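Residues per chain are reported as follows:
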Amino acid sequence: MTRLLVADDSETVLLMLQRRLEMEGYDVVTATDGLEALDRLKEAGPRQPDVILLDAMMPNMSGLEVLEELRNSGSKIPVLMISAHLDAQEPDQMRKLGATYCIPKPFEWDDLLGRIEELAS
Amino acid sequence: MRFNPSLTARLRIGFAVLFVLLGIVSLLGVGRLFQIRVDYEDDVSRYFQLELETERLRSAFILEQAAARATSANQKLNRAELNGAAGTFGDAANRAGEFTGSDIDLAAGLEQLISNEDAWRQGVAKPIVRGKLPARGVERRLTESVTDSVDGLAASTRAARDDSRDDARSDTRNTTILVAIALIGGVLAALILFSGLINSMRAPLGRLVEGARRLAGGDLKTRVEVGGPVEISTLGSAFNEMANSLERDARERDRVERMKDDFVLTVSHELRTPVTVVKGFAEMLTEQRRTLNARQYEAAEVIAESASQLQNMINDLLDLARSDAGKLRIEPEPTPVRRLAQRIGRQMRPHFEEKDQQLTVSVEKDIPDVEADPDRIGQVLANLLSNANKYAQEGAQVRLAASQVGDEIEFAVSDNGPGLGKDELDHVFDRFWRAQSGETQAVGGTGLGLAIAKSLVELHGGAISANSVPGKGATFRFVLPIAKDGRPSREGAGGKVEAKAAQ
């Protein structure tokens, strides 16, 4: 079963993502900010997620910072960055930091599910 | 404080100085001419008197001569006459002395005459009276010297009179010239004064005109240097106050405008998350149709559909707010035209099928790639197709065509729907404007789609336009530049491909 870690600071968005992705048959772990996301990764031990979905903007620790931390620690888990500000220069910055893919917010479900499937395989 | 009289004060001062100068010059000139005339008349009458007295001296001397001759014959009888003639001569000499005045030559001439006459009396008259006739040569010499002196005095007097007349003439002429020069000088001074006055106004007035032009041209930072006469410097200060107030207003307006933009941007942004969640859950419900009864499913569908509409409106508002704030960004790249047109055609096809309309996508053979942000231009095409779909009647024909026109790619979306009137065409790209006529009123939408389409096309360096024949249909076209290395894309089948909508 494909495991996903999803981090978003909006609890309703997080719940929606969780339910929808569970409906599609994924095993979903959630976090409401970057620090919590790193905690979940530590807790997971050997059962690391196959794909990580990160909201770029989050309190305490942003998605970008989590991404930087992950890549610095040598993790190669594919990261799907979701940003509400894709019209800025962020995509370049994100790719430089090692984001596997960036997707604008609000996203189309088909688009999001397609990307996850692609990255998980 | 600097002396800066007003314009009227300057004019008054100028005129006063001018009139005073002209008055003084005129009075001095007239006085001088009068004086010259009076002096001349005095001199002339004095010289005439002197001439008269000279002639009297002459006649008195002749009488004395005659008396002296007669005395030698009849001593007693003519002694008195001799004395009388001598008295007459003395009187005339005294009066003549009064008339010589300060003229040294005349006084000397008279002196000479008197002494010569005295010499004649001593040398001729006295010996005769005593009965001794003087030597003939002596008498003639003495008599001639007296006669010569009289002639000399008369001549000198005439000469003095002529001199006096010449002097008076030349004085009159000189005075007249002086007065004329002074008058011309006064007028020149006045001209200089007035031109100075005009110049003192010209520079500040010129600055004001220049400033007003710049302000009218939209440069609200324009200020003028305040200067010149009071009236003009007051005008300058008033101009600067006006510019200050205009600039203040403009700044305030910009601030309010920015606040509004920020507000719209923030609000649409904040609205997006909850709408996304509503839509997401509603869609999830509709996908779990088996677990819902018919009414629940219907409700879920309506919620999903409305959330979707709301999301579109919010996205439109956000695009517009970004466009206003200059934050609308595009990422143009060489984009294959056929693939783009077909993707949008595919995406929109279900809507056309719903209204039983026929959508034709037609792309010119060997068309070069277009320099465009595929998502954004796709959005523009989808908007134009969506309008055709919404405004055209059921069963209408809609065509999406792309072709190369010069060094640009033209996209055209045309339909055979009701079309747009001339007035409507003028406003079709305005914000919140929607076709108002008859049956089209039922069509929903924010009225922002075409305004955004225009912004996006223009951001690409392209242009969009609309034309229509009312009752026959409408065509919206826009052009975009060809990609720099825009080779014709050869994906898909070559030649004209027309994808027919499923009937």
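Note that the structure is predicted; figures quoted are calculated from it, not measured.

Draft legend 1. Highlighting a negative patch on the surface. All names here are of chain B. A contiguous patch of negative charge, built from Glu 298, Glu 301, Glu 305, Glu 353 and Glu 354, is present on the exposed surface. Taken together, the elements giving at least two residues each to the negative patch come down to α6 (294-324) and α7 (337-354). In terms of residues, the negative patch owes the most to one element, α6, which gives three residues. With respect to the element layout, Glu 298 can be found in helix α6.

Draft legend 2. Here's a closer look at the pattern of salt bridges. Residues and elements named next belong to chain B. Enumeration over the complete set of coordinates arrives at 36 salt bridges over all chains. Two residues, Asp 171 and Arg 32, come together in a salt bridge whose shortest N-O distance is 3.8 Å. Placement of the pair is Asp 171 in helix α4 (residues 136-216) and Arg 32 in helix α1 (residues 7-73), with a sequence separation of 139 residues. Residue classification places Arg 32 among the partly exposed residues on the basis of a relative accessible area of 40%. The partner of Glu 410 in a salt bridge is Arg 477, and the shortest N-O contact between them spans 3.3 Å. Taken together, the residues span a long stretch of sequence, with Glu 410 in strand β5 (residues 408-415) and Arg 477 in strand β7 (residues 473-481) at a distance of 67 residues.

Draft legend 3. Up close: the nonpolar core. Residue and element names in this part refer to chain B. Membership of the largest hydrophobic core comes to 46 residues, with the highest contact counts inside it found for Leu 385, Phe 411, Phe 476 and Phe 478. A per-element tally of this core places helix α8 (residues 374-391) first, with seven residues. When near neighbours in sequence (up to four residues on either side) are disregarded, Phe 411 contacts Val 337, Leu 340, Val 370, Leu 381, Ala 401, Ala 402, Phe 476, Arg 477, Phe 478 and Leu 480. Core analysis: the next-biggest nonpolar cluster, separate from the first, contains 26 residues, Leu 50, Leu 57, Phe 61 and Ile 128 among them.

Draft legend 4. Region of interest: the packing of aromatic side chains. All names here are of chain B. Counted according to the given criterion, the structure contains five aromatic pairs over all chains. Relative to Phe 194, the ring of Phe 15 has its centre 5.0 Å away and its plane inclined at 55 degrees; by these criteria the two rings are tilted. Taken together, the positions of Phe 15 in helix α1 and Phe 194 in helix α4 put the pair 179 residues apart, joining distant regions of the chain. Phe 194 sits in the buried class, given a relative accessible area of 19%. Between Phe 411 and Phe 478, the ring centres sit 5.0 Å apart and the planes meet at 20 degrees, which makes this aromatic pair stacked. Of the two residues, Phe 411 is situated in strand β5 and Phe 478 in strand β7; the sequence distance between them amounts to 67 residues. Exposure remark for Phe 478: the relative accessible area of 0% places this residue in the buried category. Pairwise contacts between aromatic rings join Phe 15, Phe 19 and Phe 194 into one cluster.

Draft legend 5. Just the interface of chain A and chain B, in detail. Facing 17 residues of chain A, the contacting portion of chain B comprises 17 residues. In this structure, the connection of chain A to chain B is made through one salt bridge. The closest approach of N and O atoms between Glu 287 of chain B and Arg 20 of chain A, which form a salt bridge, is 3.0 Å. Where chain A packs against chain B, one counts one residue pair in polar contact (both at pLDDT 80 or more). Per element, the largest residue contribution to the side of chain A that touches chain B is seven residues, and it comes from helix α1 (residues 11-23) of chain A. Residue composition of the side of chain A that touches chain B, grouped by class: seven nonpolar, four polar and six charged.

Draft legend 6. How the structure looks around the pairing of strand β1 (residues 3-7) of chain A. All names here are of chain A. Buried residues dominate β1, accounting for four of its five residues. Summarising the sheet, β1 and strand β2 (residues 27-31) pair through five bridges and their orientation is parallel. Looking at β2, one finds that Leu 4 is bridged to Val 28. In this fold, the crossover linking β1 to β2 by way of α1 has right-handed handedness.

About the cut-offs
Residues numbered from 1 in each chain as written. Chains lettered and ligands numbered in written order. Predicted model: local features only at pLDDT ≥ 70, side-chain atom pairs only at ≥ 80, totals over all residues. Heavy atoms only, no water. Patch = residues over 30% accessible without salt bridge, like charges linked within 9 Å, V, L, I, M, F, W, Y side chains within 5 Å. Areas by Shrake-Rupley, 256 points an atom, 1.4 Å probe, with all protein chains shown as cover. Salt bridge = Lys/Arg side-chain N within 4 Å of Asp/Glu carboxyl O. Lys, Arg positive; Asp, Glu negative; His and termini not counted. Charge placed at Lys NZ, Arg CZ, Asp CG, Glu CD. Helix = DSSP H or I, 4+ residues; strand = E, 2+ residues; numbered from the N terminus. Buried < 20%, exposed > 50% of the residue type's maximum accessible area, 1.4 Å probe, protein only. Core = buried A, V, L, I, M, F, W, Y, C linked by side-chain atoms within 4.5 Å. Contact = heavy atoms within 4.5 Å. Phe/Tyr/Trp six-rings, centres within 6.5 Å; stacked < 30°, edge-to-face > 60°. Polar contact = N/O pair within 3.5 Å; in protein donor to acceptor, adjacent residues only side chain to side chain. Nonpolar A, V, L, I, M, F, W, Y, C, P; charged D, E, K, R; others polar. Pairing = 2+ DSSP bridges. Right-handed = clockwise from strand over helix to strand, strands pointing away.

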